[in-house]
Amino acid sequence: MIFVVRERVTIKNENGLHLRPAGKLVTVANKCSSHVMMTCGEHTMNCKSLMSLLAFPVCPGDEVTVECYGEDEVQALERVVTFLKAL
C-alpha cells in the first residue's frame, strides 16, 4: 500500500515558478529519495525534473498541491513546502 502526504501552497513569488526557482526546487527535491509531485490546476509535474516543471506555467497566486510518497515522504514534503513558501 502506498501512503501519500500532501499539502497545498500558494505561490507568492511575483514571477511565479520560473527557471531559476524551478532549478532550485529540482535540487531540493532530488535530495530526497521519495517521489515528489506538484499539481497546479489539471497539470501534474515531477519536482525532480526541470523540464517537467517548466512544461506548465505556475503563476503568482496559483495554489499548488505537493504530494510525496516514499521512505522519506514527510521530510521531503516539509523541505519542498518550506522552499515554495520562501519564494
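Since we're looking at a predicted model, the values are computed, not measured. (Residues numbered from 1 in each chain as written. Predicted model: local features only at pLDDT ≥ 70, side-chain atom pairs only at ≥ 80, totals over all residues. Heavy atoms only, no water.)

1. Overview of the overall build of the protein
Turning to step 1, where the next piece is worked out: Check the secondary structure of the protein and you find 3 helices and 4 strands.
Turning to step 2, where the next piece is worked out: Element order for the protein, N to C, with α for helix and β for strand: β-α-β-β-α-β-α.
Turning to step 3, where the next piece is worked out: Relative to the compact-globule value of 12 Å for 87 residues, the protein shows a C-alpha radius of gyration of 12 Å, a close match.
Turning to step 4, where the next piece is worked out: Taking the principal axes of the C-alpha coordinates as reference, the protein spans close to 35 × 20 × 20 Å.
Turning to step 5, where the next piece is worked out: Looking at the protein as a whole, 39% of its 87 residues qualify as buried.
Turning to step 6, where the next piece is worked out: Carbon and sulfur atoms make up 52% of the accessible area of the protein, which amounts to about 5,300 Å² in all.
Turning to step 7, where the next piece is worked out: On the protein, the mean spot of the 9 positive side-chain charges and the mean spot of the 10 negative ones are 6 Å from each other. (Helix = DSSP H or I, 4+ residues; strand = E, 2+ residues; numbered from the N terminus. Rg over C-alpha atoms; globule rule 2.2 N^0.38 Å. Buried < 20%, exposed > 50% of the residue type's maximum accessible area, 1.4 Å probe, protein only. Areas by Shrake-Rupley, 256 points an atom, 1.4 Å probe, with all protein chains shown as cover. Lys, Arg positive; Asp, Glu negative; His and termini not counted. Charge placed at Lys NZ, Arg CZ, Asp CG, Glu CD.)

2. Side note on the pattern of salt bridges
Turning to step 1, where the next piece is worked out: For the coordinates displayed, the defined rule picks out 3 salt bridges.
Turning to step 2, where the next piece is worked out: For the salt bridge of Arg6 with Glu67, the shortest nitrogen-to-oxygen distance reads 2.9 Å. Separated by 61 residues along the polypeptide, Arg6 in strand β1 (residues 5–10) and Glu67 in strand β4 (residues 63–69) bring together distant segments of the chain.
Turning to step 3, where the next piece is worked out: The exposed category is assigned to Arg6, whose relative accessible area is 52%.
Turning to step 4, where the next piece is worked out: By relative accessible area, Glu67 is classed as partly exposed at 23%.
Turning to step 5, where the next piece is worked out: For Glu7, the salt bridge is made with Lys85, and the minimal N-O distance between the two is 3.5 Å. A residue pair is termed long-range when its members are at least 10 positions apart, and Glu7 in strand β1 and Lys85 in helix α3 (residues 73–86) qualify at 78 residues. (Salt bridge = Lys/Arg side-chain N within 4 Å of Asp/Glu carboxyl O.)

3. Structural notes on the side chain of Thr65
Turning to step 1, where the next piece is worked out: Note that Thr65 resides in strand β4.
Turning to step 2, where the next piece is worked out: Under the relative-accessibility criterion, Thr65 is labelled buried at 16%.
Turning to step 3, where the next piece is worked out: When neighbours within four sequence positions are excluded, Thr65 is seen to be in contact with Arg6, Glu7, Arg8, Met37, Met38 and Thr39. (Contact = heavy atoms within 4.5 Å.)

4. Side note on the side chain of Asp72
Turning to step 1, where the next piece is worked out: Looking at the element boundaries, Asp72 is found in the loop between β4 and α3.
Turning to step 2, where the next piece is worked out: Of the polar contacts made by the side chain of Asp72, one reaches the backbone nitrogen of Ser33; its length is 3.2 Å.
Turning to step 3, where the next piece is worked out: When near neighbours in sequence (up to four residues on either side) are disregarded, Asp72 contacts Cys32, Ser33 and Ser34. (Polar contact = N/O pair within 3.5 Å; in protein donor to acceptor, adjacent residues only side chain to side chain.)

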